[in-house]
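Listed below are the residues making up each chain.
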Amino acid sequence: MIHKTVGALGCRPPRPPPSSMTARTWLTLPTYNEVANIERILRAIVAQLERAIPGDFRVLVIDDSSPDGTGEVADRLAEEIPEVCVLHRKEKDGLGRAYLAGFQYAVDHGAELVGVMDADFSHDPAYLPLLLEAANDADLVIGSRYVEGGQIADWPPLRRVLSRGGSLYARSILGVHVRDLTGGFKFIRREVLERMDLSSLRAQGYVFNIELTYRALMLGCSVKEIPIVFRDRKEGRSKMSLPVAIEALFLVPKLRRSHQRVEAARAEETAAA
Ligand SMILES: Nc1nc2c(ncn2[C@@H]2O[C@H](COP(=O)(O)OP(=O)(O)O)[C@@H](O)[C@H]2O)c(=O)[nH]1
Ligand SMILES: [Mg+2]
């Protein structure tokens, strides 16, 4: 089926799954040029979720019109697998905005728990049942490389240093205990997303993950880190770049300052009341 309408988020609305749209858990999967991975990863995700929460999930691919045809392959799979749907966006608009579009869509369609992971097998779908179990008693669950038992199996040294250094830097500037602040394998409760006001997130590249976790912590939400072994992608190319990493470096202190301003305004309001 071909969709021609352009939705409010500047994307074609995904084909509604043939069964009812109501599912408690929605896993969102942002993709850009993942044609070598998309079919295998979708099948692996669906197999894991089907075992853990049979029939009660949707997998939403968010594709930014990948030139390599990822979106078309995802459409074909959505025709075949009732739980899979695809949100097509007009152009590459960054990972943060892709996450946001997916979260908004999932929440609008009744999700109680929203998950996100990469499409390149860096996040092993085999962890999904463990993360889901942890989400029974946490508001935000993070698949974490930097807690005991977690690791990065095969990244080149420079990326290791950038990622670990970035997490450490953000942790010390923000003054929080969460160890993997930059990771993108997580489950978030609907209420957290609702309380956060998604439109106010900076939504720029990789700092999005840091901001999401920080804002959840500042709202008093419970955060659990589950150890994962992270593997470098075998197919396709990373969209991470040095400018994106540098951007994150500058944005972290801004996050801290804007939270401090909100706190100060709140304190003034309380004092005036
Ligand atoms: N929709 C969308 N997905 C993106 C964009 N940039 C990256 N992705 C996807 O986000 C995930 C993580 O990106 P990746 O390039 O693997 O980053 P890395 O893991 O940090 O090297 C992958 O599934 C990508 O296909 C984007 O601009 N739009
Ligand atoms: Mg990756």
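Here, every reference points to the structure presented above.
Residues numbered from 1 in each chain as written. Chains lettered and ligands numbered in written order. Predicted model: local features only at pLDDT ≥ 70, side-chain atom pairs only at ≥ 80, totals over all residues.

Caption draft 1: Summary view of the overall build of the protein chain. A tally of helices and strands in the protein chain yields eight helices and 10 strands. A principal-axis box enclosing the C-alpha atoms of the protein chain has dimensions of 55 × 50 × 35 Å. Put simply, the protein chain has 273 residues, and 40% of those count as buried. Considering only residue pairs separated by 6 or more positions, the protein chain has 82% of its internal contacts joining residues 24 or more positions apart. (Helix = DSSP H or I, 4+ residues; strand = E, 2+ residues; numbered from the N terminus. Buried ≥ 20, exposed ≤ 12 C-beta atoms within 10 Å, placed from the backbone. Contact = placed C-beta atoms within 7 Å.)

Caption draft 2: Representation of the packing of helix α5 (residues 157-174) against helix α8 (residues 242-272). Look at α5 against α8: their axes get within 9 Å of each other, and the N-to-C directions meet at 15°. As judged from the angle between their axes, α5 and α8 are roughly parallel. Both α5 and α8 take part in a crossing whose hand is right-handed. Two secondary-structure elements touch here, α5 through L162, G166, Y169, A170, I173 and L174 and α8 through A245, A248, V252, P253, L255 and R256. Residue composition of the contact of α5 with α8, grouped by class: 10 nonpolar, one polar and one charged. (Axes fitted to C-alpha atoms, helices over the stretch in contact; angles between N-to-C directions. Parallel < 35°, antiparallel > 145°, perpendicular 65-115°, else oblique. Left-handed = near helix turned anticlockwise from the far one by under 90°. Nonpolar A, V, L, I, M, F, W, Y, C, P; charged D, E, K, R; others polar.)

Caption draft 3: The arrangement of the site of ligand 1 in detail. Around ligand 1, the surrounding shell holds 20 residues, and the nearest of these are P30, A98, A119, S238 and K239. Of all elements in the fold, only β2 (25-31), β3 (57-63) and α3 (95-108) reach the threshold of two or more residues within the shell around ligand 1. Of the residues contributing to the shell around ligand 1, the split by class is seven nonpolar, four polar and nine charged. (Near = placed C-beta within 6 Å.)

Caption draft 4: Representation of the pairing of strand β6 (residues 140-144) within the structure. Most of β6 is tucked away, with five of its five residues classed as buried. The alternating pattern of β6 places L140, I142 and S144 and V141 and G143 on opposite faces, both of which are buried. Bridge count for β6 against strand β8 (residues 186-189) is three bridges, and the pairing is antiparallel. Within β8, the position partnered with L140 by the bridge is I188. (Pairing = 2+ DSSP bridges.)

Caption draft 5: Representation of unusual backbone geometry. Located in the positive-phi region is S65, a residue other than glycine, with phi close to 50°. As for its placement among the helices and strands, S65 is situated in the loop between β3 and α2 (70-80). Located in the positive-phi region is D197, a residue other than glycine, with phi close to 60°. With respect to the helices and strands, the residue D197 is situated in the loop between α6 (190-196) and α7 (207-218). Among the residues examined, D197 registers 9 C-beta atoms within 10 Å and is labelled exposed.

Caption draft 6: Examining the environment of R189 more closely. Mapped onto the secondary structure, R189 falls in strand β8. Residues R189 and V176 lie 13 residues apart in sequence; the distance between their C-alpha atoms is 20 Å. Leaving out residues up to four positions away in the same chain, R189 has contacts with L113 and D139.

Caption draft 7: Highlighting α2. For α2, the complete set of buried residues consists of T70, G71, V73, A74, D75 and A78. Against the buried residues of α2 lie β2, α1 (38-52), β3 and β4 (84-89).

Caption draft 8: How the structure looks around the environment of D232. Within the fold, D232 resides in the loop between β10 (229-230) and α8. Each C-alpha atom, one on D232 and one on I142, is 18 Å from the other, the two residues being 90 residues apart in sequence. Beyond its immediate sequence surroundings of up to four residues, D232 is in contact with S122, D154 and W155.

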